[in-house]
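Residues per chain, in single letters:
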Amino acid sequence: MAALIRNALTVDVEEYFQVAAFERTIIRDSWDTVESRVEFSCGRVLDLFDAQGVRGTFFVLGWIAERHPGLVRRIVKDGHELASHGYDHTRVHNFTPEQFRADVVRTKAVLEDIGGVQVRGYRAPSYSINAKNLWALDVLQETGHAYSSSIYPIRHDLYGMPDAPRFPFRFRPDGILEIPVTTVRMGGRNYPCGGGGYFRLLPYGAFRWMLARVNEQDRQSGLFYFHPWEVDPGQPRVKGAPLKSRFRHYLNLESMATRLERLLGDFSWGRMDDVFGA
Ligand SMILES: [Zn+2]
């Protein structure tokens, strides 16, 4: 049954040092002096998708696109959907509405210039849209985005909006489509089953069971996300970051590619715009 429902495969394209966990250790101003790995790691992701014959959606930072235009062009050429992850991974709660508008307009223009395609999707860095800044969804709609994938309906120390709907919805009938990260509901609680660190933490079989449950019981498409740095065990180790951040970041990187291959083979996959008709 599960194979009949397609799930959306998504990649957040950023450097290993641009994650929120390392923001105090490798500051924004030093990014251009740090070893870049994104062409290697994202290239590995593209090879893997190519080998399995799957298409997905790549949410790319404007900062990355400007420095690696060839990578953006390959994403498009390989048949994937090009979408926006904001310019430099500033989380939405750190923006005023005006600053956020400038950020998403700039990123959309950069990506469209380089990729030569229309950018319709947006994902907030670290899922930083929640009950406190829903105005951001209006800004995305006003700036020509067709959908957002920026809300995580869970309780987590860094992000989340536990009471948000679990499947695609609009806050207003004429509002932008929000496609939340997938959760599985058990015992009255939402548990993450959309990727990220949980995918590397849990046994693969448990993860597969949860996503299958979403497809079979909820009869809904799921959404899976990961980052290129997760398939790059050779990335430089960032020293001085908090222990919890380092644990989450480096856990099971060696087995990630193998896990991904199993996941891609066990379910049916597609781009966000195809799977959700966005
Ligand atoms: Zn990100």
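Residues numbered from 1 in each chain as written. Predicted model: local features only at pLDDT ≥ 70, side-chain atom pairs only at ≥ 80, totals over all residues. Heavy atoms only, no water.

A tally of helices and strands in the chain yields 10 helices and 10 strands. Taken over C-alpha atoms, the radius of gyration comes to 17 Å for the chain, in line with the 19 Å a tight globule of 278 residues would show. Looking at the 278 residues of the chain, the share that counts as buried comes to 57%. Of the contacts made within the chain by residues no fewer than 6 positions apart, 76% connect residues no fewer than 24 positions apart. About 11,700 Å² of surface is accessible on the chain, with carbon and sulfur atoms providing 50% of the total. Taking the average place of the 35 positive charges on the side chains of the chain and the average place of its 33 negative ones, the gap between the two points comes to 5 Å. (Helix = DSSP H or I, 4+ residues; strand = E, 2+ residues; numbered from the N terminus. Rg over C-alpha atoms; globule rule 2.2 N^0.38 Å. Buried < 20%, exposed > 50% of the residue type's maximum accessible area, 1.4 Å probe, protein only. Contact = heavy atoms within 4.5 Å. Areas by Shrake-Rupley, 256 points an atom, 1.4 Å probe, with all protein chains shown as cover. Lys, Arg positive; Asp, Glu negative; His and termini not counted. Charge placed at Lys NZ, Arg CZ, Asp CG, Glu CD.)

Right, let's talk about unusual backbone geometry for a bit. Backbone geometry places serine 126, a non-glycine residue, at a positive phi of 50°. Here serine 126 lies in the loop between strand S4 (121-122) and helix H5 (135-142). With a phi close to 55°, asparagine 252 is a non-glycine residue in the positive phi region. Topologically, asparagine 252 is positioned in the loop between helix H8 (243-250) and helix H9 (253-266).

What follows deals with the coordination of the zinc ion. Here the zinc ion is held by the protein donor atoms Glu14 (OE), His85 (NE2) and His89 (NE2), which lie 2.1 Å from it. As a motif over one chain, the donors of the zinc ion read E-x70-H-x3-H. In this pair, glutamate 14 is assigned in the loop between strand S1 (6-13) and helix H1 (38-52) and histidine 85 in the loop between strand S3 (81-84) and helix H4 (97-115), connecting sequence segments 71 residues apart. (Donors = N, O, S within 2.8 Å, 3.2 Å for Na, K, Ca; no water.)

Bringing the packing of aromatic side chains into the picture now. Tallied over the entire structure, the rule returns 19 aromatic pairs. With 5.8 Å between their ring centres and 65° between their planes, phenylalanine 49 and phenylalanine 58 make a pair best called edge-to-face. Considered together, phenylalanine 49 and phenylalanine 58 belong to a single accessibility category, that of buried residues. Pairing tyrosine 127 with tyrosine 152 gives two aromatic rings, centres 5.4 Å apart and planes at 65°, and the pair type is edge-to-face. Highlighted residues: tyrosine 127 in the loop between S4 and H5 and tyrosine 152 in the loop between strand S5 (147-148) and strand S6 (177-178), separated in sequence by 25 residues. Judged on exposure class, the residue tyrosine 127 and its partner tyrosine 152 are both buried. (Phe/Tyr/Trp six-rings, centres within 6.5 Å; stacked < 30°, edge-to-face > 60°.)

Take helix H3 (residues 69-77) next. Taken as a whole, H3 has its buried residues at Leu71, Val72 and Ile75. Relative to the axis of H3, the buried residues are bounded by an arc of 100° and lie together on one face. In this fold, the buried residues of H3 make contact with S1, H1, strand S2 (57-60), helix H2 (62-67), S3 and H4. Glycine 79 sits one or two residues past H3 and shows a positive phi near 95°. (Arc of directions from axis to C-beta.)

Next up on the list: the nonpolar core. Among the nonpolar cores identified, the biggest contains 56 residues, and Phe58, Val60 and Phe226 are the most heavily contacted of them. With near-sequence residues (within four places) excluded, phenylalanine 58 lies in contact with Val11, Val13, Cys42, Val45, Leu46, Phe49, Ile75, His80, Glu81, Leu82 and Ala83. (Core = buried A, V, L, I, M, F, W, Y, C linked by side-chain atoms within 4.5 Å.)

A few words on the environment of tyrosine 127. Taking the relative accessible area as the measure of exposure, tyrosine 127 reaches 3% and is therefore buried. Once the C-alpha coordinates of tyrosine 127 and histidine 68 are considered, the two residues, 59 residues apart in sequence, prove to be 24 Å apart. Residues within four places of tyrosine 127 in sequence aside, it is in contact with Asp12, Ser149, Ser150, Ile151, Tyr152, Tyr159, Val181 and Tyr225. A distance of 3.4 Å separates the side chain of tyrosine 127 from the side chain of arginine 123, its partner in a polar contact. (Polar contact = N/O pair within 3.5 Å; in protein donor to acceptor, adjacent residues only side chain to side chain.)

Relative to the helices and strands, proline 233 resides in the loop between strand S9 (223-226) and H8. Not counting residues within four places of it along the chain, the set of residues in contact with proline 233 comprises Arg44, Leu253 and Glu254.

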